[in-house]
Amino acid sequence: MLPAGVPLSHLGTSALLLLQLLLPSASAFFPNIWSLLAAPGSITHQDLTEEAALNVTLKLFLEQPPLGQPPLRLEDFLGRTLLADDLFAAYFGPGSPSRRFRAALGEVSRANAAQDFLPTSRNDPELHFDAERLGQGRTRLVGALRETLVAAKALDHTLARQRLGAALHALQDFYSHSNWVELGEQQPHPHLLWPRQELRSLAQVGDPTCSNCEELSCPRNLLGFTLLTSGYFGTHPPKPPGKCSHGGHFDRSSSQLPRGGINKDSTSPGFSPHHMLHRQAAKLALLASIQAFSLLRSRLGDRGFSRLLDITPASSLSFVLDTTGSMGEEINAAKIQARHIVEQRRGSPMEPVHYVLVPFHDPGFGPVFTTSDPDSFWQQLNEIHALGGGDEPEMCLSALELALLHTPPLSDIFVFTDASPKDAFLTNRVESLTQERRCRVTFLVTEDPSRVQGRARREVLSPLRFEPYKAVALASGGEVIFTKDQNIRDVAAIVGESMAALVTLPLEPPVVVPGRPLVFSVDGLLQKVTVRIHGEISSFWIKNPAGVSQGQEEGMGPLGHTQCFGQFWMVTMNDPPETGTWEIQVTADGTPQVRVQAQTSLDFLFHFGIPMEDGPHPGLYPLTQPVAGLQTQLLVEVTGLSSRRNPGDSRPHFSHIVLRGVPEGAELGQVPLEPMGPPERGLLMASLPPALLSTPGPFSLELIGQDGGGRGLHRVAPQPCTVVPVLLELSGPQDFLTPGSKAPLSLRISSFLAPQDLDLRTSINPSFALTSNLSRACLGLNESAWGRLWLEIPDSAAPNSVVMVTVTAVGREASPVPPTHAFLRLLVLAPAPQDHLSAPAHSPGPVITTATPVFHPSTLVTQGRAGRGMAGNTWWGTIGGVLLLLGLASW
């Protein structure tokens, strides 16, 4: 990590080029934690968003005591850093994983930050409360919150989090970009979230608002008036005479009289002329963000709000089922496992919160069925029967793609089939979608060449016909398990096992090599270690660090319990497992598959980004995957680092990331990790090596460190990553779509490694009309091409439905590069009355207004921002005594 004050503009020409491509014309509170390199001690959009979410989550936990456990006490959380891990441990029980919750917060935070980077939002003053567009900004803010509600109720929580991030960005910008703080206000604006309430005392076009200021710091440049105003940025729209500028080095409007500006985005006078009021603005932005989260909670109810932010340690249950006539046993196996999961976990913290079911056959697939009600899911699943024949192959990947579009991130999807895919052309797109969604796909294939009844075959099928399944499983971190009818019910038990908080342990080597044992490490934070082996197995043995071994004999052995179902073996190790280095030796024909998994709360999340500092809002521009030739940062977020350790215990420490090629496992390099922020948050940063980014292809991430006692810790990311050959950006309108409308979409494609000759293909679900003015892109090195797409929403489009647009860049024959995909989710929404958000809530309890704190103002509950280059004050010390948990039982 570079020290504070070192310009990121020195990081390389490709990064500079991207900065020029993405340079925005509006800024806000700085976007994310990377921004603190430019302005140490500043409070970012990421800070505000996560802080507000944790406060409202704690309030939910305090008001809804956990089943069978004593209620939480507020005093247990005062005076200490508020962490997701601690909240989950206190509410759901020690060791309960907060990974999905933290991932959901990350989605909201990155969507928030992206408002400063996306071409459809960065230049729009209404989305940042700039240029005195205060009434218009309030309309757009309320609209984004409404879209959040509709998407959440439609169970599309990814889209809901994207719209929530956009709404929070605008809301937080109001307090940084307007003069609300300078007017002496101590509470959030009372009418900003209420569309029925008029915004009053607004400055008009002819009202002078600022005097000239020739210094970086402009504490007294606002004229003495009581009207509400905001600063102009750049040249669009032009600043009228006498108006305030946003201000800062990158604001061209601030060179026009009156010079200076009024933004409070950071603690740096070079970026923020009103930097001295940064913390007061952040205080109000935080309170307003808590109000917004509380409003959503009152509208969605506690269950709906918990699903929105994945406030649960449980996974989703997602099935893709072949329903042709030969699939009776497989369908029954799926029903048995689903029923077992529903009954076993009902009412517990591990009860699934989301259910997805997609049937397929030939030539059809779908429709998708999604619900949060286990009884509805069971009823729908119970109505599926194996009917009709149908030639092999089947429309499996089409059904899987549909499931991926409706399954929450970080979920497992199980595919039951006995046929190869008819739609193998979708393989690469589905691979990319699994990585974008971070979903793991397991195929349970009952392929039996001797079984012909019920499955017609008009020709001899290739032995390689299941390769698309293997490719998707590899890309998603899943597996393909071949079994037979008589064993499918037993093998399907892995559905329930996989829905636990499992991590996959890395093997060395990652694939079976004849005569060479597979080695893996077990640390003291792992439990319930399970070894799965399948294939044409002749024999195997497992040896623990003490030298004790166990063979393939079924039943209880010295190390654990062994079960065999045909060619599928599962060994469940005794708890607690011996710590240290274990070995597995397998003798088999062909290439057997070996997987070792264990339960633990210590895991990690990750995402990629491009450092952006040459602009008004330095930050990390988020990427789904790294781009070849473009310097990329890796941000790691370690989960399970609870602050409530035993006295004397040291915190685990992670030093570096190992990068390996997929699937061969060759080491591609090691990169050191630098901490970002307080150690209890577990945020680490690394720069990906140029050698890795010089060749498109897949790679895996392995996190290396030590526990408090100096013993080794080793975690591997659930899915591999892919260096994509080009940067492909697809963005849509910031407002919702309406039936009968035509929406413009923006497309940009950039190459930073080599010249590219690419075909651009589009697809859309559902099948609406989509046209584009860019079907081919011939790019030189460091060149970009822009395109425009038009999406036609028919009058018959269902309101409150989601549209998924995919653009694929494919190398032409002269430019054979792997495809790159961009995915965009959009919401079709019927027009609603202006008072939609302010209708009476239906949740029980008294109405408590924002002016009525439930807790005394001195009871500050905060995540903590000490240690980020700040001199002296901690985060809560700076704005302490003001943050409170708002009592909005209904609002």
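Bear in mind the structure is a predicted one, so any value in this text is a computation, not a measurement.

Re the overall build of the protein chain
Of the regular secondary structure elements, the protein chain holds 15 helices and 32 strands. Residue pairs at least 24 apart in sequence account for 74% of intrachain contacts in the protein chain once pairs closer than 6 positions are excluded. As presented, the protein chain carries roughly 32,400 Å² of accessible surface, and 53% of it is formed by carbon and sulfur atoms.

Some details on the nonpolar core
Leu-171, Tyr-175, Phe-293, Phe-305, Leu-308 and Leu-309 are the most contacted members of the largest nonpolar core, which has 66 residues in total. Breaking this core down by element, the ones donating at least two residues are helix H2 (45–63), helix H3 (84–92), helix H4 (99–114), helix H5 (134–153), helix H6 (157–177) and helix H7 (278–308). With 15 residues, the single largest contributor to this core is H7. Setting aside residues up to four positions removed in sequence, Phe-305 forms contacts with Val-56, Leu-60, Phe-293, Leu-296, Arg-297, Leu-300 and Ile-311. Membership of the second largest hydrophobic core comes to 36 residues, among which are Val-636, Leu-688, Leu-703 and Leu-713.

Considering the side chain of Gln-435
With respect to the helices and strands, the residue Gln-435 is situated in helix H11 (residues 427–437). Assessed through its relative accessible area of 7%, Gln-435 is described here as buried. At 3.2 Å, the side chain of Gln-435 and the backbone oxygen of Ala-475 are in polar contact. In this structure, Gln-435 is in contact with Ala-475, Gln-625, Pro-720, Cys-721 and Thr-722, ignoring residues within four places of it in sequence.

A closer look at the pairing of strand S12 (residues 560–565)
The pairing of strand S11 (residues 555–556) with S12 spans two bridges and is antiparallel. Note on S12: the bridge partner recorded for Met-556 is His-561. Summarising the sheet, S12 and strand S13 (residues 568–573) pair through six bridges and their orientation is antiparallel. Paired with Gln-563 across the bridge in S13 is Met-570. The antiparallel hairpin formed by S12 and S13 contains two residues in its connecting segment, where Gly-566 sits at a positive phi of about 65 degrees.

Brief notes about the environment of Val-480
By the element assignment, Val-480 lies in strand S6 (residues 479–482). For the pair Val-480 and Phe-466, spaced 14 residues apart in the sequence, the C-alpha separation amounts to 9.1 Å. In contact with Val-480, not counting residues within four places along its chain, are Phe-443, Val-445, Tyr-469, Lys-470, Ala-473 and His-534.

What to know about the pattern of salt bridges
Counted according to the given criterion, the structure contains 37 salt bridges. With a shortest N-O distance of 2.8 Å, Glu-63 and Arg-297 are connected by a salt bridge. Taken together, the residues span a long stretch of sequence, with Glu-63 in helix H2 and Arg-297 in helix H7 at a distance of 234 residues. Relative accessible area serves as the criterion here: at 36%, Glu-63 is assigned to the partly exposed category. Given the relative accessible area of 9%, Arg-297 is considered buried.

Concerning the sheet that holds strand S5 (residues 440–445)
Ordered by their spatial adjacency, six strands build an open sheet running S3-S2-S1-S4-S5-S6, and the pairing between neighbours is mixed. Among the strands making up the open sheet, the edge pair consists of strand S3 (369–371) and S6. Here the average twist between neighbouring strands, direction ignored, is 15 degrees. Where strand S2 (residues 355–360) and S3 come together, three bridges link them in antiparallel fashion. Each bridged residue has a counterpart across the sheet, and for Val-356 the counterpart in S3 is Thr-370. Its contacts with the sheet put helix H10 (residues 396–406) on strand S1 (317–322), S2, S3, strand S4 (412–417) and S5, and the angle it makes with S2 is roughly 165 degrees.

Details of the confidence of the model for the protein chain
Of all residues in the protein chain, 85% attain a pLDDT of 70 or more, and the chain-wide mean is 84. The secondary structure element of the protein chain with the lowest average pLDDT is helix H15 (residues 875–879), at 27, and the one with the highest is H6, at 97. Low pLDDT (under 50) marks residues 1–27, which in the prediction has 79 contacts with non-local residues, meaning those over four places away or in another chain. Every residue in residues 449–459 is under pLDDT 50, and counting partners more than four places away or in other chains gives 28 contacts.

Here we look at the sheet that holds strand S25 (residues 727–731)
Overall, antiparallel pairing links the four strands, which are arranged S25-S26-S30-S28 in an open sheet. The sheet terminates laterally at S25 and strand S28 (769–772), the two strands that pair on one side only. With strand direction ignored, the average angle separating the axes of adjacent strands in the sheet is 20 degrees. Pairing analysis gives ten bridges linking strand S26 (residues 742–751) to strand S30 (residues 783–792), with the strands arranged antiparallel. Directly across from Ala-743, in S30, lies its bridge partner Leu-791.

Examining the side chain of Thr-229
Positionally, Thr-229 belongs in the loop between H6 and H7. In this structure the side chain of Thr-229 is engaged in a polar contact, spanning 2.6 Å, whose partner is the side chain of Glu-132. Beyond its immediate stretch of four places on either side in the chain, Thr-229 contacts Glu-132, Leu-134, His-177, Ser-178, Asn-179, Ala-203, Thr-209 and Leu-222.

Regarding helix H9 (residues 374–382)
Among all positions of H9, only Pro-374, Phe-377, Trp-378 and Leu-381 are buried. Buried positions in H9, seen along its axis, are confined to an arc of 95 degrees and lie on one side of it. Lining the buried residues of H9 we find S1, helix H8 (328–345), S2 and S3.

A closer look at H3
Counting buried positions over the nine residues of H3 gives seven, a clear majority of the element. Those residues of H3 lying buried are Ala-84, Asp-85, Asp-86, Leu-87, Phe-88, Tyr-91 and Phe-92. Here the buried face of H3 lies against H2, H4 and strand S17 (633–639). Residue Gly-93 follows H3 closely and has a positive phi angle near 115 degrees.

A word on the packing of aromatic side chains
A full pass over the atoms with the stated rule returns 23 aromatic pairs. A ring pair is formed by Phe-88 and Phe-101, whose centres lie 5.4 Å apart and whose planes are at 20 degrees; its orientation type is stacked. With Phe-88 in helix H3 and Phe-101 in helix H4, this residue pair connects regions lying 13 residues apart in the sequence. The pair formed by Phe-88 and Phe-101 is uniform in burial state, with each residue classed as buried. Relative to Phe-271, the ring of Phe-250 has its centre 6.4 Å away and its plane inclined at 25 degrees; by these criteria the two rings are stacked. Note that Phe-250 is positioned in the loop between H6 and H7 and Phe-271 in the loop between H6 and H7, a separation of 21 residues in sequence. What links up through ring pairs into an aromatic cluster is the set Phe-61, Phe-88, Tyr-91, Phe-92 and Phe-101. Stacked on the ring of Phe-736, the Lys or Arg Arg-146 has its end atom at 5.4 Å from the ring centre. The ring centre of Phe-606 lies 4.1 Å from the NZ or CZ of Arg-438, which sits over that ring.

Cut-offs applied
Residues numbered from 1 in each chain as written. Predicted model: local features only at pLDDT ≥ 70, side-chain atom pairs only at ≥ 80, totals over all residues. Heavy atoms only, no water. Helix = DSSP H or I, 4+ residues; strand = E, 2+ residues; numbered from the N terminus. Contact = heavy atoms within 4.5 Å. Areas by Shrake-Rupley, 256 points an atom, 1.4 Å probe, with all protein chains shown as cover. Core = buried A, V, L, I, M, F, W, Y, C linked by side-chain atoms within 4.5 Å. Buried < 20%, exposed > 50% of the residue type's maximum accessible area, 1.4 Å probe, protein only. Polar contact = N/O pair within 3.5 Å; in protein donor to acceptor, adjacent residues only side chain to side chain. Pairing = 2+ DSSP bridges. Salt bridge = Lys/Arg side-chain N within 4 Å of Asp/Glu carboxyl O. Axes fitted to C-alpha atoms, helices over the stretch in contact; angles between N-to-C directions. pLDDT = per-residue confidence, 0-100. Arc of directions from axis to C-beta. Phe/Tyr/Trp six-rings, centres within 6.5 Å; stacked < 30°, edge-to-face > 60°. Lys NZ or Arg CZ within 6 Å of the ring centre and 35° of its normal.

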